[in-house]
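The residues making up each chain are set out below.
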Amino acid sequence: MNSVMQTAWSIAGAVLLISAALTTYRILRGPSTLDRLVAADVLIALTMCGLALWAAISRDSTVVPSIVAIALVNFLGSLAVARFRVRDDQQ
């Protein structure tokens, strides 16, 4: 059973890394500010998923408050950028 869980955790980590790489590409390539904002939100969500995966692997729940704090800061940051962003996609 342990090797099955190790394989599942490895696959989950690999999927998170691939997703983070593709999201980073979208941040660098994004044609508009909103594309970059959504990609940054996704990257933060992937970071939170990575922390949750680490908490599951290590069976350590002390990381959970930091996941909640990251989620709160991400929400407030996204809200601020979406509210005050410069309109760069008007033509």
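Residues numbered from 1 in each chain as written. Predicted model: local features only at pLDDT ≥ 70, side-chain atom pairs only at ≥ 80, totals over all residues. Heavy atoms only, no water.

Using the following cut-off: UniProt positions are given in the numbering used here, feature names are shortened, and annotations may be inferred rather than shown by experiment.
An unreviewed UniProt entry annotates the chain as Na(+)/H(+) antiporter subunit F of Gordonia effusa NBRC 100432. The record held by UniProt for the chain lists under Sequence similarities (unreviewed entry) the comment "Belongs to the CPA3 antiporters (TC 2.A.63) subunit F family." The Subcellular location (unreviewed entry) comment attached to the chain in UniProt states, word for word, "Cell membrane".

Some points on the overall build of the chain
Put simply, the test is: Segments assigned H or I by DSSP are reported as helices when at least four residues long, segments assigned E as strands when at least two residues long, and all are numbered from the N terminus. It is over C-alpha atoms that the radius of gyration is taken, and the globule rule equals 2.2 Å times the number of residues to the power 0.38. Residue exposure (1.4 Å probe, protein chains only): buried if accessible area is under 20% of the type maximum, exposed if over 50%, otherwise partly exposed. We call two residues in contact whenever any of their non-hydrogen atoms come within 4.5 Å of each other. Surface accessibility follows the Shrake-Rupley procedure with a 1.4 Å probe radius. Residue values consider only the protein chains on display as shielding.
Counting its secondary structure elements, the chain contains three helices and zero strands. Helices and strands in the chain line up, N terminus first, as α-α-α. Expected size for 91 residues packed as a compact globule is a radius of gyration near 12 Å; at 16 Å, the chain overshoots this value by more than 25%. A principal-axis box enclosing the C-alpha atoms of the chain has dimensions of 60 × 25 × 10 Å. Buried positions account for 19% of the 91 residues belonging to the chain. Taking as baseline every contact in the chain between residues at least 6 positions apart, the subset at least 24 positions apart corresponds to 50%. Surface accessibility of the chain: about 6,700 Å² in total, with carbon and sulfur atoms responsible for 70%.

What to know about a nonpolar patch on the surface
How we decide: The patches reported here contain residues having more than 30% relative accessible area and no salt bridge. Joining distances are 9 Å for like charges and 5 Å for nonpolar side chains (Val, Leu, Ile, Met, Phe, Trp, Tyr). A side-chain nitrogen of Lys or Arg and a carboxyl oxygen of Asp or Glu constitute a salt bridge if their distance falls within 4 Å.
On the surface, L72, F75, L76 and L79 cluster together into a nonpolar patch covering about 410 Å² of accessible area. Structurally, L79 is set in helix α3 (residues 64-84). Residue L79 is classed as partly exposed on the basis of its relative accessible area of 48%.

Quick look at α3
Put simply, the rule reads: For a helix, the expected span equals 1.5 Å multiplied by the residue count minus one.
Taking 1.5 Å per residue, 21 residues should reach 30 Å; α3 reaches 31 Å between its end C-alpha atoms and fits that length. Buried positions along α3 lie against α2 (33-58).

Considerations on the packing of α2 against α3
Under the convention used in this document: Throughout, an axis means a line fitted to C-alpha atoms (over the contacting stretch in the case of helices), and angles, computed between N-to-C directions, take values from 0 to 180 degrees. For classification, angles of less than 35 degrees are called roughly parallel, those exceeding 145 degrees roughly antiparallel, those between 65 and 115 degrees roughly perpendicular, and all remaining angles oblique. Polarity classes work like this: nonpolar for Ala, Val, Leu, Ile, Met, Phe, Trp, Tyr, Cys and Pro, charged for Asp, Glu, Lys and Arg, and polar for all others, with Gly in that last group.
Contact geometry of α2 with α3 gives a least axis separation of 10 Å together with a crossing angle of 175°. Relative to α3, the element α2 is oriented roughly antiparallel. Every residue of α3 that contacts α2 at L37, D41, I44, M48, L51 and A52 is listed here: S66, I67, I70, A71, N74, S78, V81 and A82. Residues that form the contact of α2 with α3 fall into these classes: 10 nonpolar, three polar and one charged.

Digging into the environment of T47
By the secondary structure assignment, T47 is in helix α2. Each C-alpha atom of the pair T47 and L22 lies 14 Å from the other, and the pair is 25 residues apart in sequence.

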